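Now for the letters of each chain:
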Amino acid sequence: MAKNPQIPMSNRLEQYRELGSTHDFSLRQKVGQLFMIAVFINDSEENIRRTEKLIVENHVGALCFFHSRASAATNFEGQKKVVYNENSYERLVSLIKRYQKASSTPLLIAMDAEWGLAMRIENTHQYPYALTLGALQNEEDLIHDVGYKIGRDCLEAGIHWNLAPVLDINSNPENPVIGYRSFGDDKEQVTQKAKAFITGMRKAGVLNSLKHFPGHGDTNTDSHLALPVIDKSAENLLENECYPFTELMHEEADSIMIGHLSIPALDPFGKPATLSKTILSDVLRKKMGYQGLIISDALNMHAVSKRFKEMGALELTAFNAGMDMFCFSEHPKEAIEKIVSEGEHERIESSFERVWELKKKTFGVSLDTAQTDVSPEKLNTEIANACLTELFKGTRNKISVSPEDLQHIILGKPKTNVFPEYLEQELKIKTSSGGDMTSEEIQDLIHFQKTTVISVFPPSVKPKNGFGFTEAELETLNERLKKGNCILYLFGNPFLIHTLHIHKQNSYIIVYQDFPEFQEVACSHFEGKLIPKGKLPFQLKTDIHGN
C-alpha cells in the first residue's frame, strides 16, 4: 500500500488564515467566488503562472485539483498519454500553498477523493471503492473509518472539500461512469452507507458533496461524452433515485453536485439538470426544500460543454437555472462578466452567501489534529475480511489437498501477486497465465477434468471493452466455467460477473479489490480459515445454471 509522504502537520495547514470582511467586495468579486476552476498537479510553470493570474484578476473562490491535463478529467477519449510523477503529492502540497498565497481571499481547495487521494495522486493511500464498502453487512463503523481516514489525508494535504460520496443507485450493470463508485443498487443501503462515510469525513473536518443529483445510476451513457437520458416517471425518480439525497440533504450535506442528466419527467424540454430551472429551483429547492450550496458537475464534460459556442454562455445558463458554484469552468473570465452584467443581483448575493458559509465553516474553526490509531493497511484488511462474498459453494467444498488434482489460471496482470504466488509457490499448484497460453494449452485448460482455480484480475475497473479483457479471453474463461469444477476468485469490479457463465456447480468468490490485503484474505479463504460475510451489493442480472 502506498504511503502519503510525511510532511509536518504545521506545514500542511499554513493555508488556513482569517477570512476577513466581505463589506468591500464588489459585485464582480462576489461572482468570482462562485467559480471553482480546475488546476493540475503536473502543470508546467507557464500554466501555473497563468492560473495565478486568473485567481488574482477574477477573485476565484475555489480550486479543484486533478492529476494532469492528460488525465481522464480532460482526456475523455484517452488519446493523450498520462505521464506519472512519483512526487505528485509533494507537488500538490506546494501548489496549494502557492495558489493560496496568490489569492487575497482564502481558497476552498477541492478534489475528487472518493476512495482517497489515490484517485488523483500516485503513491498515496488508496481505500476500497464504494461498491466494495457496499458489500459490508452491518459494518458502518468501518465505512465511517474510511471516511475519516480519507478526510484526514485530504486535510493534511491542504484539501478542504472532498467531492464525495456518490449517492447514485447503480441499477444498470453497463453504467460506464458510476458502477464501482456507487454503494450498490438498494436505496436504503446506499443511504445508510453514505451517511456513515459522511460522518467520518465530517469528524475529520472536511466538507462533502453529495453527487450526482438527481441520480446517475440507471444509464449506459457516459456524461463525459454525451448527455444521458433517464426515462423514468417523476414518482419513480423521487421514490428511488432521489431517495438518498432526500434523506441526507438537510443534516449531512455541505453541498449537492448536479449531474449532467436529461430527465424528461422532471423537465419536459429535456434540458440537462445542470441547466434546468425546473429541476434546480422548482424540484430541488422548492419541492425538496434544500437550501444549501448547489455545485455543478465538471462543466468541461461534453454532455453540456458542446451545447454552447459562446464563451460564458454555459455558466450564465446554469446560474439562471439556480446553480451556485461552477466546477471546471473553462471560460471563467467571460462567464463572470456575463453573470455580472446579466444575472439577477439577488441571486448573486444568495449564491455568494452559500459559498461564504462554507468558507466560514472551513476557515473559522480550530482544527483537531488528533490521529486515529488504525493504519490504512489494517483498515483495508478489516474491510477485506468483512466484505468477501461467495456465490455458491459448488466445487469449493470438494477441494483436494493434492496439488496434482488442481490447476491454476491467472487472467489479467495483477499489480501484486500475493494470491497467485501463494498458490504456485506455497501450495505448488501448477499455474499458467491466460494471456501467454498457446491454443493447445487453452484447450487443455478447458478440458481439464479436475478442479481449476481461476484468479481474475480485470485490467480495467470500467465495463467498457470487457473490463479490458479481449473477447477471446472471456470466451476461454466461460468455456472453462461451463465444464464445471471451477473456483473463481474475482479481484476487481464485481459487475464483471454479468459477463461470466454462472453455474451453481462452481464457486465464485468476489474479493472486490486487488490490494495485497485483499489477496491475503483470499489466501485465508482458500485455506478454509475464513467464512465469507459479505453480500453482493447488487442483484444478479444474468442466467444462473444448475440446481
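Residues numbered from 1 in each chain as written. Predicted model: local features only at pLDDT ≥ 70, side-chain atom pairs only at ≥ 80, totals over all residues. Heavy atoms only, no water.

1. Digging into the nonpolar core
Quick note on the threshold: Buried Ala, Val, Leu, Ile, Met, Phe, Trp, Tyr and Cys residues that are joined via side-chain atoms within 4.5 Å together make up what is termed a nonpolar core. Type-normalised accessible area, obtained with a 1.4 Å probe on protein chains alone, sets the label of each residue: buried when under 20%, exposed when over 50%, and partly exposed for intermediate values. Elements are defined by DSSP. Helices are runs of H or I of four residues or more, strands are runs of E of two residues or more, and each kind is numbered from the N terminus. Two residues form a contact once any of their heavy atoms are found within 4.5 Å.
Counting residues in hydrophobic clusters, the biggest one holds 165 residues, and the most contacted among them are Met36, Leu63, Phe65, Trp161, Ile256 and Tyr489. The biggest single contributor to this core is helix H6 (residues 140-157), with 7 residues. Contact partners of Ile256, with chain neighbours within four places excluded, come to Ser209, Leu210, Phe213, Phe245, Met249, Leu284, Tyr290, Leu293, Ile294 and Ile295.

2. Observations concerning the pairing of strand S10 (residues 406-411)
As a reminder of what qualifies: When DSSP finds two or more bridges between a pair of strands, those strands are recorded as paired.
Of all 6 residues making up S10, 6 are buried, and the element is well covered by its neighbours. Here S10 shows a buried face lined by Leu406, His408 and Ile410 and a second buried face lined by Gln407, Ile409 and Leu411. For S10 and strand S12 (residues 451-456), the ladder comprises 6 bridges, and the chain directions are parallel. Bridged to Leu406 within S12 is Thr451.

3. A look at helix H15 (residues 376-387)
Think of an α-helix as 3.6 residues a turn; residues three or four steps apart then line up on the same face. Our working rule: For a helix, the expected span equals 1.5 Å multiplied by the number of residues minus one.
Look at H15: 16 Å from first C-alpha to last across 12 residues, which is about the 16 Å you get at 1.5 Å a residue. Inspection of H15 places Pro376, Glu377, Leu379, Asn380, Ile383, Ala384, Ala386 and Cys387 among the buried residues, and these make up the whole buried set. Summarising the contacts, the buried residues of H15 are in contact with helix H5 (130-134), H6, strand S9 (389-391), strand S15 (507-510) and helix H20 (516-526).

4. Remarks on the pattern of salt bridges
Heads up, the condition is: The term salt bridge refers to a side-chain nitrogen of Lys or Arg lying within 4 Å of a carboxyl oxygen of Asp or Glu.
Applying the stated rule across the entire model yields 28 salt bridges. For Glu114, the salt bridge identified is with Arg181, shortest N-O distance 2.7 Å. With a gap of 67 residues between them, Glu114 in the loop between strand S3 (108-111) and H5 and Arg181 in the loop between strand S4 (161-162) and helix H7 (187-204) connect regions that are remote in the sequence. Accessibility assignment for this pair places Glu114 and Arg181 in one class, buried. Across the salt bridge formed by Glu479 and Lys482, the nearest N and O atoms sit 3.5 Å from each other. In this pair, Glu479 and Lys482 are both assigned in helix H19 (residues 471-483), 3 residues apart and thus about one turn of the helix distant. Since its relative accessible area comes to 30%, Glu479 is described here as partly exposed. Among the charged side chains, a salt-bridge network with shared partners connects Asp112, Glu114, Arg120, Arg181 and Lys211.

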